[in-house]
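Take a look at the letters that make up each chain.
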Amino acid sequence: MRTFWRWLAEKWVLLLGFVLLGYLFVPIAVVMLLSFNQPASRNTTYVLDFETFSFTWHNWTDICGAAGICESLTRSIYVGLSATLIATILGTLISFALVRYRFFGRGSTNTLIFLPMATPEIVMGTSLLTLFLGLQIPMGFLTILIAHVMFCISFVVVTVKARLAGLDPRLQEAAMDLYATPWQAFCLVILPLVLPGIVAAALLAFSLSFDDFIITNFVTGTSDYTTFPMFIWGSNLRGIPPQVNAIATAMFLISFAFVIAGQLRTRRRSARRAATS
Amino acid sequence: MAALLPTASGTPAAATEIPVEPPAGMRRRRWIPYALLAPGLLWLGVFFVFPVFQLAMASLWDPSGSIETGYTFAWSFSNYADAWEMFHVQFLRSLWYALITTVICVALGYPLAYAIAIKGGRWKNLMLVGVIAPFFTSYLVRTYSWKAILSDSGPVVDFLKWLHILPPDGRLLATEFAVIAGLVYNFLPFMVLPLYASLDKLDVRLLEAARDLYHGPVRSFFRVTLPLSMPGVLAGTLLTFIPAAGDYVNAQLLGGPNTQMIGSVIQSRFLVVNDYPIASALSVMLMLTILVLVMIYVRVFGTEEVV
Amino acid sequence: MTDQDLCIENVTKTFGGFAAVDDLTLTIPDGSFFALLGASGCGKTTTLRMVAGLEEPTAGRIMLGGLDITRMRPYKRPVNTVFQSYALFPHMNVADNVAFGLRRKGENRADTRRKVAEMLDLVQLGQYGTRRPAQLSGGQQQRVALARALVNQPEVLLLDEPLGALDLKLRRQMQIELKRIQTEVGITFVHVTHDQEEAMTMADTVAVMQAGRIEQLGAPAEMYEFPASAFVANFLGQSNLIKAEVTGQADGHVTVDAHGNRLAVPSARCRVTSGAALLGVRPEKLHLADDLDAVPSGHAAVRGVITDASFTGVSTQYLVRAPWGSELTVFVPNSGIANPALPGAEVAVHWSPAHSFLVGS
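Worth saying up front: this structure is predicted, and the values here are computed from it rather than measured.

*Asks:* Got a minute to help me understand the overall build of chain A in this structure?
*Replies:* When helices and strands are tallied, chain A shows 11 helices and 0 strands. Mapped in sequence order, the helices and strands of chain A form the string α-α-α-α-α-α-α-α-α-α-α. Since a compact globule built from 277 residues should have a radius of gyration of about 19 Å, the 24 Å found for chain A marks it as more spread out than a globular shape. With the C-alpha coordinates of chain A rotated into their principal frame, the extents come out at 75 × 75 × 35 Å. Every one of the 277 residues in chain A was classed for burial, and the buried ones make up 53%. The long-range fraction of contacts in chain A, counting pairs at least 24 apart against all pairs at least 6 apart in sequence, stands at 72%. Approximately 12200 Å² of chain A is accessible, and the part contributed by carbon and sulfur atoms is 68%.

*Asks:* Would you explain helix α4 (residues 138–150) of chain C in this entry?
*Replies:* Count 3.6 residues to each turn of an α-helix, and residues three or four apart come out pointing the same way. Residues and elements named next belong to chain C. With 13 residues, α4 extends 18 Å from end C-alpha to end C-alpha; this agrees with the ideal 18 Å at 1.5 Å per step. Burial within α4 is extensive, with 11 of its 13 residues counted as buried. Of all the residues in α4, the buried ones are G139, Q140, Q142, R143, V144, A145, L146, A147, R148, A149 and L150.

*Asks:* Is there a simple way to think about the interface of chain A and chain C in this case?
*Replies:* Frequently, the measure chosen for interface size is the accessible area that the parts lose on association. Each partner contributes to the interface: chain A provides 21 residues, whereas chain C provides 27 residues. Buried surface at the junction of chain A and chain C, both sides included, amounts to about 2200 Å², of which 64% is carbon and sulfur. Ranking the residues of chain A by area buried against chain C places D177, L178 and Y179 of chain A at the top, with a combined share of 35%. For the pair chain A and chain C, the number of links is 1 salt bridge. Here R49 of chain C makes a salt bridge to E173 of chain A, at a shortest N to O gap of 2.7 Å. For the side of chain A that touches chain C, the secondary structure elements donating two or more residues are α7 (170–177), α8 (182–211) and α11 (243–276) of chain A. No other element matches the 7 residues that α7 of chain A contributes to the side of chain A that touches chain C. Across the side of chain A that touches chain C, the residue classes break down as 12 nonpolar, 4 polar and 5 charged.

*Asks:* Explain the state of the cysteines to me, please; I cannot follow it from the model alone.
*Replies:* Put plainly, two cysteines are in a disulfide when a covalent bond ties their sulfur atoms together. Residues and elements named next belong to chain A. Going through the model one piece at a time under the given rule, you end up with 1 disulfide over all chains. For C64, the disulfide goes to C70, at an S-S distance of 1.9 Å. Judged by the torsion about the S-S bond (-90°), the C64/C70 disulfide is left-handed.

*Asks:* Can you help me understand the sheet that holds strand β16 (residues 300–311) of chain C in this one?
*Replies:* Residues and elements named next belong to chain C. Taken together, 5 strands build an open sheet; the order of strands is β15-β19-β16-β17-β18 and the sheet is antiparallel. Looking at which strands have only one partner, the edges of the open sheet turn out to be β15 (287–289) and β18 (327–333). Direction aside, the axes of adjacent strands within the sheet are offset by 45° on average. Pairing between β16 and strand β19 (residues 346–351): 6 bridges, direction antiparallel. Pairing of A300 across the sheet is with W351, part of β19.

*Asks:* Even after reading the chapter, I still don't get the sheet that holds strand β9 (residues 205–210) of chain C, so can you show me in this structure?
*Replies:* All names here are of chain C. On the basis of which strands lie adjacent, the open sheet formed by 6 strands has the order β6-β7-β8-β3-β9-β10 and mixed pairing. Each edge of the open sheet is held by one strand with a lone partner, namely β6 (79–82) and β10 (213–218). Neighbouring strand axes in the sheet, compared pairwise and without regard to direction, differ in orientation by 20° on average. Direction of pairing for β6 relative to strand β7 (residues 156–160): parallel, over a ladder of 4 bridges. Residue N80 lies in a different strand from β7, and its bridge partner there is L157. The sheet contacts of helix α1 (residues 44–52) involve β3 (33–37), β6, β7, β8 (188–193) and β9, and relative to β7 the element is tilted by about 145°.

*Asks:* I tried to follow the interface of chain B and chain A on my own but got confused; where do I start?
*Replies:* On the chain A side, the residues contacting the 98 residues of chain B number 94 residues. Taken together, the links from chain B to chain A amount to 1 salt bridge. For the salt bridge of D211 of chain A with R142 of chain B, the shortest nitrogen-to-oxygen distance reads 4.0 Å. Between chain B and chain A we count 10 residue pairs in polar contact (both at pLDDT 80 or more) in total. Counting residues per element, the side of chain B that touches chain A draws most heavily on helix α3 (residues 32–58) of chain B, at 20 residues. In the side of chain B that touches chain A, the residues fall into 73 nonpolar, 18 polar and 7 charged.

*Asks:* Looking at this structure, how should I read the side chain of S283 of chain B?
*Replies:* On the secondary structure map, S283 of chain B appears in helix α14 (residues 276–301). In this structure the side chain of S283 of chain B is engaged in a polar contact, spanning 3.1 Å, whose partner is the side chain of T126 of chain A. When residues no more than four places from it in sequence are discounted, the contact partners of S283 of chain B are V123 and T126 of chain A together with L55, I266 and F270 of chain B.

*Asks:* Can you help me understand the domain arrangement of chain A in this one?
*Replies:* Residue and element names in this part refer to chain A. Assigned domains of chain A: these are domain 1 (1–66 + 243–277) and domain 2 (68–240). Taking the mean C-alpha position of each, domain 1 and domain 2 sit 28 Å from one another. Summed over both sides, the interface between domain 1 and domain 2 buries roughly 990 Å², with carbon and sulfur atoms accounting for 75% of that surface. Ranking the residues of domain 1 by area buried against domain 2 places R42, V244 and I247 at the top, with a combined share of 48%. Where domain 1 meets domain 2, there are 0 salt bridges.

*Asks:* Would you mind showing me how to read the environment of L278 of chain C here?
*Replies:* All names here are of chain C. Among the structural elements, L278 can be located in strand β14 (residues 276–281). Remark: the alpha-carbon pair of L278 and K243, spanning 35 residues in sequence, is separated by 4.8 Å. When near neighbours in sequence (up to four residues on either side) are disregarded, L278 contacts A230, L241, I242, K243, F357, L358, V359, G360 and S361.

*Asks:* What am I meant to see in the packing of aromatic side chains here?
*Replies:* Aromatic ring pairs are reported here in terms of the distance separating the ring centres and the angle at which the planes meet. One pass over the structure, following the stated rule, counts 41 aromatic pairs over all chains. Pairwise contacts between aromatic rings join F218 of chain A together with W61, Y71, F270 and Y276 of chain B into one cluster. The ring of F100 of chain C has R104 of chain C lying over it, and the distance from NZ or CZ to the ring centre is 4.7 Å. For R148 of chain C, the ring lying beneath its charged end belongs to F89 of chain C, and the centroid distance is 4.7 Å.

*Asks:* What am I meant to see in α7 of chain A here?
*Replies:* Residues and elements named next belong to chain A. A large share of α7 lies buried, amounting to 7 of its 8 residues. All of the buried residues in α7 are L171, Q172, E173, A174, A175, M176 and D177. One or two steps after α7, the chain reaches Y179, where phi turns positive at roughly 70°.

*Asks:* Before we go on, may I ask you to explain the packing of helix α5 (residues 121–134) of chain A against α3 of chain B in this structure?
*Replies:* For any two helices packed against each other, one specifies the inter-axial angle together with the distance between the axes. Running from N to C, α5 of chain A and α3 of chain B point in directions that differ by 80°, and their axes come no closer than 8 Å. With respect to each other, α5 of chain A and α3 of chain B are oriented roughly perpendicular. Of the residues in α3 of chain B, those in contact with V123, M124, T126, S127, L128, T130, L131 and F132 of chain A of α5 of chain A are V46, F47, F48, F50, P51, V52, Q54, L55 and A58 of chain B.

*Asks:* Where do I start with the pairing of strand β2 (residues 18–28) of chain C in this structure?
*Replies:* Regular strands place their side chains on alternate faces of the sheet. Residue and element names in this part refer to chain C. Where strand β1 (residues 6–15) meets β2, 7 bridges bridge the pair, whose relative direction is antiparallel. Its bridge partner lying in β2, I8 is registered against L26. Between β1 and β2, which pair antiparallel one after the other, the connecting turn spans 2 residues, and G16 there sits at a positive phi close to 50°.

Parameters and conventions
Residues numbered from 1 in each chain as written. Chains lettered and ligands numbered in written order. Predicted model: local features only at pLDDT ≥ 70, side-chain atom pairs only at ≥ 80, totals over all residues. Heavy atoms only, no water. Helix = DSSP H or I, 4+ residues; strand = E, 2+ residues; numbered from the N terminus. Rg over C-alpha atoms; globule rule 2.2 N^0.38 Å. Buried < 20%, exposed > 50% of the residue type's maximum accessible area, 1.4 Å probe, protein only. Contact = heavy atoms within 4.5 Å. Areas by Shrake-Rupley, 256 points an atom, 1.4 Å probe, with all protein chains shown as cover. Expected span 1.5 Å × (residues − 1). Buried area = accessible area lost by both parts, 1.4 Å probe. Salt bridge = Lys/Arg side-chain N within 4 Å of Asp/Glu carboxyl O. Nonpolar A, V, L, I, M, F, W, Y, C, P; charged D, E, K, R; others polar. Disulfide = S-S within 2.5 Å. Pairing = 2+ DSSP bridges. Axes fitted to C-alpha atoms, helices over the stretch in contact; angles between N-to-C directions. Polar contact = N/O pair within 3.5 Å; in protein donor to acceptor, adjacent residues only side chain to side chain. Domains from an automatic or database assignment. Phe/Tyr/Trp six-rings, centres within 6.5 Å; stacked < 30°, edge-to-face > 60°. Lys NZ or Arg CZ within 6 Å of the ring centre and 35° of its normal. Parallel < 35°, antiparallel > 145°, perpendicular 65-115°, else oblique.

So this is what it looks like as structure tokens:
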């Protein structure tokens, strides 16, 4: 008994941490559970009642069964990939300028990068809506893409900047000292070393874009370019199809598998390094 | 929003602010940084700065106009008075909910970040994955899931009724409790990640030295650990407070008429009622309030590591 | 002067009004091991970076073998650098690091592979080609950096404090190693360091820099025995510098008055011949005698009291307070003959005038 109390005194913070992580996981577990439920009606998709729970594979076997659900998913992926590509390029260029050059206007650039992150999404949504209405730009894929690139840029800059700042500036000098032209030095030395940061930024941008609802809600207008979050929101009145839970669960499992695989890879690599040195 | 992973959050400033002079061969061309900045800044200028400016203009439109007849600019500051008159309850409620959410997030997030950074050991990476795990599913789905958990026939309500904490006809949905619970859940990771980043940088030897000096874990925590992790607390509070104040998803899905937040009002004024001047005035008010609060907050806590 | 000498002519480099290098003129002979010695901030690294092409001179020009390279891009110069932090490419293995320069120059695969292997053997890292830099010790990384530069067979190899990050024992070992390699390959080495002992053991010629200028240039022994200024006298080893006033010249000697003592210095060892000066003697050139009677004839001598004695093994280092208050340092070799003197003892400190020198104050 004494040893138990001593163990608890030692480990209670860690235990509390795991309890809190458990709390973060609860809604995910519920979604997983509900993905195997056949709700009595579409309006009870999000009712957790063990007495009326009826097990089914249907939501998984007929995952595209609800009208428009998989189309919206495809749109979200398409918007996400496009926005990620543009935002990653633009953001990476900015971070290179900020970290590797000293120039007039550097401070204001930093502020401009920070501002979108400090502005509530609803304000960005309403202001973009005002802009598009004023210019009479038809809402749809283009306006959604513009908005997503806009709010992703800052996050890309911050992520790539952190990686770039950790890079030894002598590496570029060393490359140029060893007969590499500035372009070769960039391609052979700088880019490969910053790449992990750029990849991280791209993943972040994709997840931001893919999951965005608040801003998208403003810039979709009356168009039928419904992204996945917009699909869920729009189904609210008619009732949400239970397939949404299957898709959300699949999304979770796929992302989780990716992250764990990445972790295992770095762990294996560092283990190998430790073994050989 | 899967914003601000550890690398991106509390840590950036200090380390990144030392610009590096490029070698002589490259420095001659002074236009290069501007060429690198141009496309991205242009995008932000046209689609962020300019629209916000336009929004401010729209908030001063003559309110007698409509979508069909068009609006005229008229320095109608009365829009602000009208907006305040009609919606100050929702406005103040939003700030209040955001404040409570932030306080609860600090209370829950600090122990979690501390557990990961200081006590995590070999669990560290796995626990970090756990923190960002909610981002792996959709924001709306997560919030709907809370709706299921807190639903009238759900396990939480049943349990509270069994304990007689909740009366037999009591419910959680459509109450303040449900909205704040949703906000706390959705923004907790934004608190934990910057906190983790600043706690992880702490030198463990420093903590040991503090234990030596101050005798006892409690005092050394308040004298050393907490002050040194303030940049993380600061970044975390901003990252929680700002989105929480503007959110309307939680209020809409988990709340009722008495828990409406300003985001819902702006949303419906814009998209349903089409009352642009009032909706714009509310947006500008929200933005300015948050900006001023952030500035005061940063000034008081005196940390420049936020940006 | 042969064709391949490196000539720095009237080079100045200013950073926002501050002159890091101030009208520097220097010729580094082909095939020599040249050391630029100075405290941090004296302009030695800036000089090196200008030769490498990583900084551009504000004024003046740099010639290599008759070719003006002042404004030539770094990647076009036949010059390679070993950086202080090594700057090894962390994402490439050792062999790829070493092959980097050859590949940029378009060397064919077979030659590249052969040269890299030879170079790795030369720096005794033959077995490490497939390792990543992070898997090597500091000393091994240092040798990779050296191999990576040397394999290109540059006209001049620049070394920027290459041994600064190594511990003392490894540093001594690498000094010998570097010297061996330089002799073997015959390339001009320009070595920047703040460690005077390192400069003296390795270099044929040492230039002492201060505030962007060269204070003295020459062979290490020559500079040590007859420094050009008080700064060099103190920077290269230790010196006893006694304030003196020149009183006259006679018989190839300059006579000075030092705190009432009339002392003579051979004219050939005087940097100044009038006015206020400093008379210098190295601690190991000073001897102790029981009293003035015991001083050998022809030696100069002053009286003093021993205030401190510390035994270091090879010698005993004494501090002797002279009548005018300042202390002289005397190294007495541990030759096993003399009895050790004790603090408090009155002694006479004496030296051969041929070992003293006179510099401006």
